[in-house]
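Next come the chains, spelled out residue by residue.
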Amino acid sequence: MSEKNRFSRLLKHLMTVAGIKNYALAQELKYDVSYISKWTGGQMIPSEKYASKILKGISECIVTQCGAEAATGLMQEYQVENKSDLQQAIWDNLEAEYNYVRDLQNSPDADVILGLQFWPEMKIAQFVVKMRHPVLRRVSSLNIVGAFDIFALEREYQLQIIEAKNKHVSKGKWYQDVHYCMVINVQKDTLDYSHDISFLVEVLDRNRCIDFHLYGSAGAAGKAIFAVEDDYMISGLLVSGNHCVSVVTSENSDNCRSVFRSVKGLCSQENQLFRKTSMREMILKHEYVHGLFALCQQWIIGHLTEHFLPEDLFEEIVEQIAGQMDEEENESPALDELRSIHRIARNAVEDFEISILLYRTAFYNLVVDNEIDFFNYKVHLTQKQIIRCLEYFIELCRNHQKLKIKMVSGRLIPNMDYETRYCILLNDTISHIRLDGDYNNMYIISRNDMRDAFVKTFYEFWENRSDSLITDREIIIANIEQVINGIKGNS
């Protein structure tokens, strides 16, 4: 069967690009050349007992023996920047293809008909494994869709589902040609607000390095579907939080394309839960300022932003980044415009009724990282500047009683180990999420029902009675002063 030759095809491709002959690889691996011929010819694959050692050896041989031009081509293919990462990427790819072929050989219970494989039933854990198809290693260009009744799954599988598609994507890089549209079933009356809304932010955060879009539609109810256009699809019907039935997989391009287009049809603008944006776009469209003037302000602050700077420190930072912003003037708002916006933001923070849930770690991270999120720019501060920023926050706590502040000292959601560096600024006009990263880190909450769900979540956190929430202003001030004293003690 052609499906069993994926490993062989990849091995032949890598050896051809690197200019390595069968006998040369045999010498490196200390195997008879007849084994190499059978691996590349598709008659057999390496034995499971020695597979890890063999695949590691192949990846080493490919990287060390290929020429400079071939290495450059492979690094472009795998979207890596050095030979060390290339070796790991090739090893990962070989392992993914090997496991795929091995699992096909060990799946006698699957019916194969007309380019489809069919399983009457399957555990979600097995479904997730089959989602991790080797084609996902091709990070240079992918079109993916998924439709999941995500909140019907047991929680241990929810993160596995959102991680399955980008198992091979390295964090900190931007893969602009990896496109993924995920459709989920979101029913407001069944949401567990504190968990489910936080989970949606986590979904956005874990997909920042690709072109990711999240939609909500009842069409995803009871479904688990994942399709890579022209390459692979898997589909099943959920019958419980850990079990699905009528599972079908296929590598037939017509089948994959048909499923892809069907799910893609659910990705309409009215179903979009979050709209990607940028700081420049929000400023040009006046959405940033409209958000500041809006009523019903609720902010969750996981990292410190330009909203919490005294006037003199703001001016120092503007001068500090002027050269950098001049180099990027096509992407950057004018400095005078930033000054005007800051005056509005400072008045809003000092005079408007804003409820702020502030993570204590935001102060610790400011000290550790020495940087602040300044209109979505990472700006490094000196220790003296950090102290002035913290002292201004103390002033806000002491002198501006309209500003309601509660400090989060631990986890608001037990047993959820999610990152807390994101910021969510809610109001009745323009609500947006700012993640802590360089790519795809700003989203406007585009549906009213979703904004209402975020507000509901905010107040569930705000009324949290656990020890993780500090409500006494003097204790909040004492926490900030402790951070300041720590800086002074280390200087």
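Everything numeric in this text was worked out from a predicted model, so none of it was measured. (Residues numbered from 1 in each chain as written. Predicted model: local features only at pLDDT ≥ 70, side-chain atom pairs only at ≥ 80, totals over all residues. Heavy atoms only, no water.)

Caption draft 1: Geometry of the nonpolar core. Core analysis: the largest hydrophobic core is formed by 69 residues, its most contacted members being Phe148, Leu214, Phe274 and Phe454. Ignoring sequence-local partners within four residues, the contact set of Leu214 consists of Met182, Ile184, Leu200, Val203, Leu204, Asn271, Gln272, Leu273 and Phe274. (Core = buried A, V, L, I, M, F, W, Y, C linked by side-chain atoms within 4.5 Å. Buried < 20%, exposed > 50% of the residue type's maximum accessible area, 1.4 Å probe, protein only. Contact = heavy atoms within 4.5 Å.)

Caption draft 2: Region of interest: the pairing of strand S4 (residues 175–184). Counting buried positions along S4 yields seven of ten residues, so the element is predominantly enclosed. Summarising the sheet, strand S3 (residues 142–148) and S4 pair through seven bridges and their orientation is parallel. Bridging from a neighbouring strand, Ile144 pairs with Tyr180 of S4. In this structure, S4 lies alongside strand S5 (residues 210–216), joined through seven bridges in parallel fashion. Looking at S5, one finds that Val183 is bridged to Tyr215. (Helix = DSSP H or I, 4+ residues; strand = E, 2+ residues; numbered from the N terminus. Pairing = 2+ DSSP bridges.)

Caption draft 3: Representation of the sheet that holds strand S10 (residues 297–301) within the structure. Read across the sheet, eight strands follow the order S9-S17-S16-S15-S10-S11-S14-S18 without closing on themselves; strand pairing throughout is mixed. In the strand order of this sheet, the two ends are held by strand S9 (274–276) and strand S18 (469–470), each with one partner. For strand S14 (residues 403–408) and S18, the ladder comprises two bridges, and the chain directions are antiparallel. Looking across to S18, one finds that Met407 is bridged to Ile470.

Caption draft 4: A look at the pattern of salt bridges. Here the structure, examined in full by the defined rule, presents 28 salt bridges. A salt bridge links Arg257 to Asp230; the nearest nitrogen and oxygen atoms lie 2.7 Å apart. Here Asp230 lies in the loop between strand S6 (223–228) and strand S7 (232–240) and Arg257 lies in helix H10 (residues 253–264), a separation of 27 residues in the sequence. The salt bridge involving Arg346 is made with Glu350; its shortest N-O contact spans 2.9 Å. (Salt bridge = Lys/Arg side-chain N within 4 Å of Asp/Glu carboxyl O.)

Caption draft 5: Examining the packing of aromatic side chains more closely. Scanning the entire structure with this criterion turns up 16 aromatic pairs. With a centroid separation of 5.2 Å and 45° between ring planes, the pair formed by Phe314 and Phe374 is classed as tilted. Here Phe374 lies in strand S12 (residues 371–374) and Phe314 lies in helix H13 (residues 311–327), a separation of 60 residues in the sequence. Each member of the pair, Phe314 together with Phe374, is buried. Both rings, one in Phe374 and one in Phe375, keep their centres 5.2 Å apart while their planes meet at 90°; by these two values the pair is edge-to-face. Residue Phe374 shares its accessibility class with Phe375, and that shared class is buried. Cluster of aromatic residues (ring-pair linked, three or more members): Tyr288, Phe314, Phe374 and Phe375. (Phe/Tyr/Trp six-rings, centres within 6.5 Å; stacked < 30°, edge-to-face > 60°.)

Caption draft 6: Examining empty space enclosed by the protein more closely. If you walk through the whole model with that rule in mind, you get four cavities of 30 Å³ or more. Roughly 120 Å³ of volume is contained in the largest cavity. Lining the largest cavity we find His303, Leu304, Ala362, Asn365, Leu366, Asp369, Glu371, Ile372, Asp373, Lys378, Arg421 and Asp436. Those elements that place two or more of their residues in the lining of the largest cavity are helix H15 (361–369) and S12. Considering each element in turn, the lining of the largest cavity owes the most residues, four residues, to H15. Here the lining of the largest cavity is composed, by residue class, of four nonpolar, two polar and six charged. (1 Å grid on protein atoms, 1.4 Å probe; cavity = no way out; pocket = protein on both sides within 12 Å on 5 of 7 lines; lining within 4 Å. Points joined across faces, edges and corners; volume = space filled by probe spheres on them. Nonpolar A, V, L, I, M, F, W, Y, C, P; charged D, E, K, R; others polar.)

Caption draft 7: Quick look at the state of the cysteines. A complete count under the given rule lists zero disulfides for this structure. Distance from the sulfur of Cys66, which forms no disulfide, to the nearest cysteine sulfur (Cys61) is 9.5 Å. (Disulfide = S-S within 2.5 Å.)

Caption draft 8: Molecular detail of unusual backbone geometry. The backbone phi angle of Cys296 is positive, close to 55°, even though this residue is not glycine. Positionally, Cys296 belongs in the loop between helix H12 (287–293) and S10. Judged by its relative accessible area of 49%, Cys296 is partly exposed. Positive phi values are uncommon outside glycine, yet Asn376 reaches one of about 75°. Of note, Asn376 is situated in the loop between S12 and strand S13 (377–380).

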